[in-house]
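Descriptive structure summary
Now for the letters of each chain:
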Amino acid sequence: MKYCKDFIVVENQTITSNLFILKLQYPETLPEIKAGQFVEILVEGNKDVFLRRPISIHDVDYKKNQISLLVQIVGKGTDKLSNIKEGDSLNLIFPLGNGFTIIGKKVLLVGGGCGAAPLLYLTRVLKEKNIKSDILVGCRDINHLFSKKEYESLSNLHIATEDGSCGIKGLVTTHKILEEEFDAIYCCGPTPMMKAISKIAKDKNIPCYVSLEHTMACGFGVCLCCVVETNKGNERTCTTGPIFLSSDLKDF
Amino acid sequence: MKNTDKRLEVRIKDMVLRNPVMTASGTFGYGYDFEDFINLDSLGGIVVKATTGGNREGNPYPRMAETNSGMLNAVGLQNKGVDYFCETIYNKIKDINTNKIVNVSGSSIEEYVEVAEKLNKLENIPGIELNISCPNVKQGGMAFGTDPKMAAEVVKAVRKVYNKTLIVKLSPNVTSIVEIAKAVEGEGADSLSMINTLLGMAVDAEKRKPLLSTITGGLSGPAVKPVALRCVWQVAKQCKIPIIGIGGIMDATDAIEFILVGATAIEVGTANFINPAITEEIVHGISEYLDRHNIKNISDIRGII
């Protein structure tokens, strides 16, 4: 079941000049949300922001009926959204997409930049299911690292920064945690990173689930604008995905 | 919340629509995608995704670009073909209690005829919308809709095999839409729906590249409404068959504007992406408009401009 409802902003937390976390209150009981699902936000009051913006769900708090979204400012829509204040309401279509397939007993999560957004809720779901997880987060520098405490409480956190200000210096692909044995890898971030991680998974002969980000007009399967080439032909990122087994994707 | 306002009932040939609000092809999937948001039985009709003779993968990504007050798309008629529609999708939609229209497209007259002939056999599909106006395919599509002779030929051929309500969807990318409309009416079309998208393009100045894989695409949304209103107004003055107005309808006021210039019904397109419950809201909004102006029947204001 999908819903089109108003949420109330309870917090707009600035992480960096182009990264912020919105904590949103749902006025009713939240329906079940799977890790890896996303919402479509209506950004009102701008003639040149015509369509909704798809944003992945960063975390879910069923006790408080709150969700949080990590947003990167990439254009007019997300820029406008960054100015939203506590108490404002936001219209969301949610929950959208397939979500991560949960498998294995010991898994690795790899996130790059703001692409790590859906992985926080995934660590929470994995912990509830008693699946041991390690999470490797890559970002530019220590200032771009978000939700560190939460990651640490739910998973084993490993960090790689470009300038070495936190964790190892370098790309996530050079981190030693990748040499360990896992049952599956969950990955979200820039496409070149996801391709490199999926190759590592392929060499280990384990499944790698990647979360894709494509421009979309609707987000719920009807516009057919967000397709990705799979081994079965063009599939919608919004409904067949956004989570795909990397071996099902043509370019991976 | 069901609207049973009898004042809204309209007819397109043999089809009775409980209200003039329909959905535009390619923006409403096969209807059931919207069941979480609206009561499909509350609509006058739904026009499902374009169906062609065989499977089509459509165009490569990126297929969409947002523009001021609108968007460009270059989907390219992605669908699994008419046999898949008849065998699989039809069973999922046949019991939806509204008029279910199938949008039909092809690369040749033979393909249009093949699809129409197969759909003619489906009991719960009361009509088809012949898409001679898709700007996003290399062969066929808009080529049929921009030449009066070719438009007449394809309608003539389909009319021979299709005996239910035949709607023809017109392209605005022509010098004279009236000329095309008259040619189509002359070959037995029961209704005209207009407009399909306007051919456009968008450029990323920073990357110095077009935003669509196909470079050009079809513009839709409020940006095209003035063009659509003009087209409906011009054709309504010259043709007798009912017109279904399409183009940037975002609310009930927009819908009323199309009716005032001569449309019998309307199709809501791009607005479905932004508010999936918009069609039902428009139905209620039209009722309120009639209340507010003390109008006894929607037909009383049709074409008064």
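This next bit is on the overall build of chain B. In terms of regular secondary structure, chain B is built from 9 helices and 16 strands. For 305 residues, the compact-globule estimate of 2.2 N^0.38 gives 19 Å, and the C-alpha radius of gyration of chain B, at 18 Å, lies within 12% of that figure. For the C-alpha atoms alone, the extent of chain B along its principal axes is close to 50 × 50 × 40 Å. Residues classed as buried in chain B amount to 56% of the 305 residues present.

Further remarks concern the interface of chain A and chain B. Facing 24 residues of chain A, the contacting portion of chain B comprises 26 residues. Of all elements in the fold, only β13 (227–230) and β14 (233–236) of chain A reach the threshold of two or more residues within the side of chain A that touches chain B. Each residue belonging to the side of chain A that touches chain B can be placed in one class, and the counts come to 15 nonpolar, 5 polar and 4 charged.

The next point concerns the domain arrangement of chain A. Residues and elements named next belong to chain A. When the domains of chain A are assigned, the result is domain 1 (3–96) and domain 2 (106–211). Domain 1 and domain 2 are separated by 23 Å when their C-alpha centres are compared. Between domain 1 and domain 2, the contact holds 13 residues from the first and 12 residues from the second. Every element with two or more residues in the side of domain 1 that touches domain 2 is listed here: β1 (3–16), β2 (19–25), β4 (53–61) and β5 (66–72).

Attention shifts here to the environment of Ser-56 of chain A. Residue and element names in this part refer to chain A. Here Ser-56 lies in strand β4. With 13 residues separating them along the chain, Ser-56 and Leu-69 place their C-alpha atoms 6.5 Å apart. In this structure Ser-56 touches Phe-38, Ala-117 and Pro-118, once residues within four positions along its chain are discounted.

Glancing now at the pairing of strand β9 (residues 156–161) of chain A. Residues and elements named next belong to chain A. Note that strand β8 (residues 132–139) and β9 share 6 bridges and pair parallel. When the sheet's bridge partners are listed, Cys-139 is paired in β9 with Thr-161. As a crossover connection, the stretch from β8 through helix α3 (residues 148–154) into β9 is right-handed. When β9 meets strand β10 (residues 168–169), the two strands line up parallel, connected through 2 bridges. Considered in β10, the bridge of Thr-161 is made with Lys-169.

Okay, the packing of helix α4 (residues 148–161) of chain B against helix α5 (residues 177–186) of chain B next. Residue and element names in this part refer to chain B. One can describe the packing of α4 onto α5 by two numbers: an axis separation of 8 Å at closest approach and a directional angle of 25°. Taken together, α4 and α5 sit at an angle that is classed as roughly parallel. The crossing of α4 and α5 is right-handed. Taken together, the residues of α5 that come into contact with α4 (itself represented by Pro-148, Ala-151, Ala-152 and Val-155) are Glu-179, Ile-180, Ala-183, Val-184 and Gly-186. Looking at side-chain class alone, the contact of α4 with α5 contains 7 nonpolar, 1 polar and 1 charged residues.

What follows covers the confidence of the model for chain B. For residues with low pLDDT, the predicted coordinates do not support detailed interpretation. Residues at a pLDDT of 70 or more form 99% of chain B, whose mean pLDDT is 96. Scored as a complex, the prediction yields pTM 0.96 and ipTM 0.95.

Attention now moves to the nonpolar core. In this structure, Met-194, Val-232 and Ile-266 of chain B are the most contacted members of the largest nonpolar core, which totals 175 residues. With 6 residues, the single largest contributor to this core is helix α6 (residues 225–238) of chain B. Each of domain 1 (3–96) and domain 2 (106–211) of chain A gives at least three residues to this core. Ignoring anything within four residues of it in the chain, the contact list for Ile-266 of chain B reads Pro-20, Val-21, Met-22, Ile-244, Gly-245, Ile-246, Ile-249, Ala-255 and Phe-258 of chain B.

Scoring rules and cut-offs
- Residues numbered from 1 in each chain as written.
- Chains lettered and ligands numbered in written order.
- Predicted model: local features only at pLDDT ≥ 70, side-chain atom pairs only at ≥ 80, totals over all residues.
- Helix = DSSP H or I, 4+ residues; strand = E, 2+ residues; numbered from the N terminus.
- Rg over C-alpha atoms; globule rule 2.2 N^0.38 Å.
- Buried ≥ 20, exposed ≤ 12 C-beta atoms within 10 Å, placed from the backbone.
- Contact = placed C-beta atoms within 7 Å.
- Nonpolar A, V, L, I, M, F, W, Y, C, P; charged D, E, K, R; others polar.
- Domains from an automatic or database assignment.
- Pairing = 2+ DSSP bridges.
- Right-handed = clockwise from strand over helix to strand, strands pointing away.
- Axes fitted to C-alpha atoms, helices over the stretch in contact; angles between N-to-C directions.
- Parallel < 35°, antiparallel > 145°, perpendicular 65-115°, else oblique.
- Left-handed = near helix turned anticlockwise from the far one by under 90°.
- pLDDT = per-residue confidence, 0-100.
- Core = buried A, V, L, I, M, F, W, Y, C linked by C-beta atoms within 7 Å.

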